[in-house]
Amino acid sequence: MKYLDEYRDPGVARQYAAAIARMVTRPWTLMEVCGGQTHAILRFGLDQLLPPEIALLHGPGCPVCVTPVELIDKALALAARPEVILASYGDMLRVPGTSGSLLSVKAAGGDVRIVYSPTDAAALAERHSERQVVFFAVGFETTAPANAMAVLQAERKRLRNFSLLVSHMLVPPALEALLASPNCHVQGFLAAGHVCTVMGFREYEAIAREHRTPIVVTGFEPLDILQGVHMCVKQLEEGRAEVENQYARSVRPEGNRAAQEAIRRVFRVSDRRWRGIGDIPRSGLALREEYQEFDAERRFPFVSEVVARESPDCISGLILQGLRKPRECPAFAAACTPETPLGATMVSDEGACAAYYRHRRP
Amino acid sequence: MPDHPVDFSLSCPLPDSRHTRILLAHGGGGTLMHQLIERIFVPAFQGQPAGPLHDGAVLELRDRLAFTTDSYVVNPLFFPGGDIGKLAVCGTVNDLAMCGARPLCLSAGFILEEGFPIEDLRRIARSMREAADEAKVAIVTGDTKVVDRGKGDGLYINTAGIGLVAEGVRISPAAVRPGDVVLLNGDVGRHGVAILAAREGFQIETRLESDCAPLADAVLHLLDAGIEIHCLRDCTRGGLATTLVEIARDARLQIEIAEAAVPVLEETRGICEILGFDPLYVANEGRFAAFVAPADADRALDLLRAHPQGAGAGRIGVVSPDPSGLVVLQSGFGSGRILDMLSGEQLPRIC
């Protein structure tokens, strides 16, 4: 298929792997930031193609995984209200909160709907003027522009029954937090191509320079990832620490200005808690003061009373920081499976635990 | 002025029989129900061996029988390539076919929601008849119930079916042997994608049609030619992957599938890519996997390809003696990955 098969050519993949093997002189540890990349690596067995010197750690770039349990619990509390239609992306539905998931609230009578775009959620609000439509706005810089557009649409249409439960994360502060940790082994990053499609990669230049860590903006297809690894290892072998762009067919240095403008109009930078990792200053987005009427947490003050609790057996925080692999968790594939997940990394299609469970279990 | 005489008597008037929508009374066992049967179901199913009017059908049989049932709740009721009626006939016919049975007759139970358009019911009954004719099976008995508005999804259908199994036919996962060749009768993922695209609110334009079709004839075509078939399974909910996982587990053998050998139409792949779905897990309604003895594999493939329901058939894999009970998908990258069941339905991803 056009624009797909070209990037999945096994022959070229083996050539790339061989070129990496010829170049490498010592062990290197790289982290792919995005969960989509993690899944491609395991699905196509790319880690098995690489020489043993190259270790890949799986990063925190799965929006479902890093959404804090408090926010899941707030979504559950909202969805249980009779006046609320809770609209969400499909893969949030199975994520466990303190007790239950959106799927279990739906089964108990909550009105939970899967939408494919936040503007579909705004359209729901238009069609159901007697109900309150809350969109569960999770994700990184990739989903933020569409969420901002939904708010702007709702404002233009004067929708009084539409709001967002916001859990927006920003990638660069998380990378800085990882690099600042004394346990960090990461020597190079494959940055998330879609995030950079929106934001560009200027803000990564300071990180690469200050932490002397190469960052290669990388796509999601097998050849993208292998080329990204090749570029990153080349930098490491040559002693360079720069930002390079493997995903040039999608990413421009300055990113998508119109999308950034939409984000800036609606959101401001805020502190955020990352599930499994903890609080990271200035690592998220919140609605600006002038758009507070679209903030579900303001509209439904009762959600602030939610008390959240994580499973003590889940080590997803260590996994999201690249400190452990899923198979090193005692609960993996035992107490914790996709049917009975203890943490979000086992739920999402992009979660590292789910990726190992699906592709590498025995 | 009303255009017909008004009934002033105190008794409950007979409901107007020229209704365009289903009323609760259509399930009440009275006149309206009989009218519904006579006007919709009898014309649709007449000319078949037994009529659906009696309490049950009486069958005179002394053979080995296969017996199955399935319920149909598809949404939307009409979709490119079929509708719930065609699905309800093909699905049950196919379950019989997967036992190696020659389908003989079906029952059909209708659960109608109050307010359902009668014209839609007529269309659906007609398409059931067409599918039954194609599958050479008779609909011999049925039932109709009506539920309150809001308590159903327009229409649900249950069909059950009986088929005859020839002497010597032993088709089950337990019969699968190492070395068996896995054949597939065509491209996968089309039904699920066509349904999804037809759903309201989905702004994906596609000309893809469901592969919904009766498969008994294609299976009998193989059996009649003396092909040694060990197991058959139609790849419905959960798609090809789930079907293979079920068989591998039950047979306690490993199934090795070559990813490149599994046909998927470009358009199906494209829509699946957009939504983050794996076509191997997307539902089909006209596809089956056949596990055949290696000596018969080439001949079976030729026979399948010569049949209208197997034109796109291919050899997709082989059963290995490894007792792992797993399905391993060999990618072109020289690495294998395990295919497992999904824990629920595939949900669209965030990014």
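Residues numbered from 1 in each chain as written. Chains lettered and ligands numbered in written order. Predicted model: local features only at pLDDT ≥ 70, side-chain atom pairs only at ≥ 80, totals over all residues. Heavy atoms only, no water.

(A) Structural view of the overall build of chain B. Broken down by element type, chain B carries eight helices and 13 strands. Scored against the burial criterion, the 351 residues of chain B give a buried share of 53%. Accessible area of chain B: about 16,100 Å², with a carbon and sulfur share of 52%. (Helix = DSSP H or I, 4+ residues; strand = E, 2+ residues; numbered from the N terminus. Buried < 20%, exposed > 50% of the residue type's maximum accessible area, 1.4 Å probe, protein only. Areas by Shrake-Rupley, 256 points an atom, 1.4 Å probe, with all protein chains shown as cover.)

(B) Broad picture of the overall build of chain A. Assigned secondary structure in chain A consists of 16 helices and eleven strands. The C-alpha radius of gyration of chain A comes to 20 Å, within 12% of the 21 Å expected for a compact globule of 362 residues. Overall, chain A is about 65 × 45 × 45 Å in size when its C-alpha atoms are taken along their principal axes. The buried share of chain A, taken over its 362 residues, is 60%. Taking all contacts inside chain A whose residues are at least 6 apart in sequence as the whole, residues at least 24 apart take part in 78%. Across chain A, the 42 positively charged side chains and the 42 negatively charged ones have centroids separated by 2 Å. (Rg over C-alpha atoms; globule rule 2.2 N^0.38 Å. Contact = heavy atoms within 4.5 Å. Lys, Arg positive; Asp, Glu negative; His and termini not counted. Charge placed at Lys NZ, Arg CZ, Asp CG, Glu CD.)

(C) Structural detail: the sheet that holds strand β11 (residues 278-287) of chain A. All names here are of chain A. Reading across from one edge, β4-β3-β5-β6-β11-β10 is the order of the six strands in this open sheet, with mixed pairing throughout. The outermost strands of the open sheet, each flanked by one partner alone, are β4 (111-114) and β10 (267-274). Ignoring strand direction, the axes of neighbouring strands in this sheet form an average angle of 25°. As paired elements, strand β6 (residues 162-169) and β11 share two bridges and run antiparallel to each other. What sits directly across from His-168, in β11, is Leu-285. Running over the sheet, helix α9 (residues 171-180) touches β6, β10 and β11 and is turned about 175° from β11. (Pairing = 2+ DSSP bridges. Axes fitted to C-alpha atoms, helices over the stretch in contact; angles between N-to-C directions.)

(D) Here's a closer look at the domain arrangement of chain B. Residues and elements named next belong to chain B. Annotation of chain B at the domain level lists domain 1 (24-165) and domain 2 (173-339). Each of domain 1 and domain 2 has a C-alpha centre, and these two points are 27 Å apart. Contact residues are listed per partner, giving 23 residues for domain 1 and 24 residues for domain 2. On the domain 1 side of the contact with domain 2, Pro-80, Asn-94 and Met-98 bury the most area, a combined 30% of that side's loss. The tally of links from domain 1 across to domain 2 stands at two salt bridges. Among the ionic pairs, Arg-102 bridges to Asp-224, the shortest N-O distance being 3.8 Å. For the pair domain 1 and domain 2, the number of links is five residue pairs in polar contact (both at pLDDT 80 or more). The set of elements that each furnish at least two residues to the side of domain 1 that touches domain 2 consists of α2 (84-97), β4 (101-113) and α3 (118-134). (Domains from an automatic or database assignment. Buried area = accessible area lost by both parts, 1.4 Å probe. Salt bridge = Lys/Arg side-chain N within 4 Å of Asp/Glu carboxyl O. Polar contact = N/O pair within 3.5 Å; in protein donor to acceptor, adjacent residues only side chain to side chain.)

(E) Seen up close, the domain arrangement of chain A. Residues and elements named next belong to chain A. Partitioning chain A into structural domains gives domain 1 (1-312) and domain 2 (316-359). For domain 1 and domain 2, the distance between their C-alpha centroids amounts to 17 Å. Carbon and sulfur atoms supply 64% of the area that domain 1 and domain 2 bury against each other, a total of about 2,200 Å² over both sides. Counting across the domain 1 and domain 2 interface gives zero salt bridges. Those elements that provide at least two residues to the side of domain 1 that touches domain 2 are β1 (28-34), α2 (35-43), β2 (54-61) and α4 (63-66). Residue composition of the side of domain 1 that touches domain 2, by class: 15 nonpolar, eleven polar and four charged. (Nonpolar A, V, L, I, M, F, W, Y, C, P; charged D, E, K, R; others polar.)

(F) Quick look at unusual backbone geometry. The omega angle of the peptide bond from Asn-75 of chain B to Pro-76 of chain B is 5°, so this bond is cis rather than trans. The residue Pro-76 of chain B is located in the loop between β1 (64-72) and β2 (78-79) in this model. Here the phi dihedral of Arg-212 of chain A falls at roughly 50°; this positive angle occurs in a residue that is not glycine. In this structure, Arg-212 of chain A sits in the loop between α11 (202-210) and β8 (215-218). Unlike most non-glycine residues, Ala-333 of chain A shows phi in positive territory, near 60°. Turning to its location among the elements, Ala-333 of chain A is positioned in the loop between α15 (316-320) and α16 (352-359). By relative accessible area, Ala-333 of chain A is classed as partly exposed at 33%.

(G) Expanded view of helix α7 (residues 266-275) of chain B. All names here are of chain B. Those residues of α7 lying buried are Thr-268, Gly-270, Ile-271, Cys-272 and Leu-275. In this structure, the buried residues of α7 make contact with α4 (190-198). Directly beyond the C-terminal end of α7, a positive phi value near 75° is found at Gly-276.

(H) Highlighting the packing of helix α1 (residues 10-23) of chain A against helix α12 (residues 222-238) of chain A. Residues and elements named next belong to chain A. In the contact formed by α1 and α12, the axes pass within 10 Å of each other and the chain directions differ by 15°. Classed by the angle they form, the pair α1 and α12 counts as roughly parallel. Once α1 is placed against α12, the crossing between them reads as left-handed. Touching Val-12, Ala-13, Tyr-16, Ala-19, Ile-20 and Met-23 of α1 are Leu-223, Leu-226, Gln-227, Val-229, His-230, Val-233, Lys-234 and Glu-237, all from α12. When the residues that make up the contact of α1 with α12 are grouped by side-chain class, the tally is ten nonpolar, two polar and two charged. (Parallel < 35°, antiparallel > 145°, perpendicular 65-115°, else oblique. Left-handed = near helix turned anticlockwise from the far one by under 90°.)

(I) Focus on the environment of Met-128 of chain B. Residue and element names in this part refer to chain B. Within the secondary structure, Met-128 sits in helix α3. On a C-alpha basis, the gap between Met-128 and Ile-139 in space is 8.8 Å, while along the polypeptide they are eleven residues apart. Setting aside anything within four residues of it in sequence, one finds Met-128 in contact with Phe-45, Gly-85, Lys-86, Val-89, Ala-108, Phe-110, Ile-139, Ile-157 and Thr-159.

(J) Geometry of the sheet that holds strand β12 (residues 327-330) of chain B. Residues and elements named next belong to chain B. Strand order in this open sheet of seven strands is β8-β10-β7-β11-β9-β12-β13, and the pairing throughout is mixed. Strands with a single pairing partner mark the edges of an open sheet, and in this sheet they are β8 (229-234) and β13 (336-339). Here the average twist between neighbouring strands, direction ignored, is 25°. Here strand β9 (residues 254-258) pairs with strand β11 (residues 314-320) via four bridges, running antiparallel. From the neighbouring strand, Glu-256 faces β11, where its bridge partner is Val-318. Most of the contacts of helix α6 (residues 239-251) go to β8, to which it runs at about 140°, and overall it touches β7 (181-184), β8, β9, β10 (288-292), β11, β12 and β13.

(K) Quick look at the interface of chain A and chain B. Tallying the contact residues gives 38 residues for chain A and 26 residues for chain B. Interface of chain A and chain B: buried area, both sides summed, is about 2,900 Å²; carbon and sulfur atoms make up 57% of it. Here Asp-5 of chain A ties to Arg-269 of chain B by a salt bridge, and the two come within 2.7 Å at their closest N and O atoms. Remark: the boundary between chain A and chain B carries three residue pairs in polar contact (both at pLDDT 80 or more). Listed by contribution, the elements that provide at least two residues to the side of chain A that touches chain B are α1, α3 (46-49), α4 and α16 of chain A.

(L) Empty space enclosed by the protein, seen in detail. Residues and elements named next belong to chain A. Using the criterion set out here, one finds two cavities of 30 Å³ or more in the structure. Quantified by volume, the largest cavity comes out at close to 90 Å³. Residue composition of the lining of the largest cavity, grouped by class: nine nonpolar, three polar and one charged. Taken as a whole, the second largest cavity spans an internal volume of roughly 50 Å³. What lines the second largest cavity is Gly-35, Thr-38, His-58, Gly-59, Cys-62, Cys-65, Ile-319, Leu-320, Thr-345, Glu-350, Gly-351 and Ala-352. Listing elements by their share of the lining of the second largest cavity, those giving two or more residues are α2, β2 and α15. Of the residues contributing to the lining of the second largest cavity, the split by class is five nonpolar, six polar and one charged. (1 Å grid on protein atoms, 1.4 Å probe; cavity = no way out; pocket = protein on both sides within 12 Å on 5 of 7 lines; lining within 4 Å. Points joined across faces, edges and corners; volume = space filled by probe spheres on them.)

(M) Here's a closer look at a nonpolar patch on the surface. Residue and element names in this part refer to chain B. Residues Leu-59, Leu-61, Leu-65 and Leu-104 make up a contiguous nonpolar surface patch of about 290 Å² in total accessible area. By secondary structure assignment, the location of Leu-104 is in strand β4. Taking the relative accessible area as the measure of exposure, Leu-104 reaches 31% and is therefore partly exposed. (Patch = residues over 30% accessible without salt bridge, like charges linked within 9 Å, V, L, I, M, F, W, Y side chains within 5 Å.)

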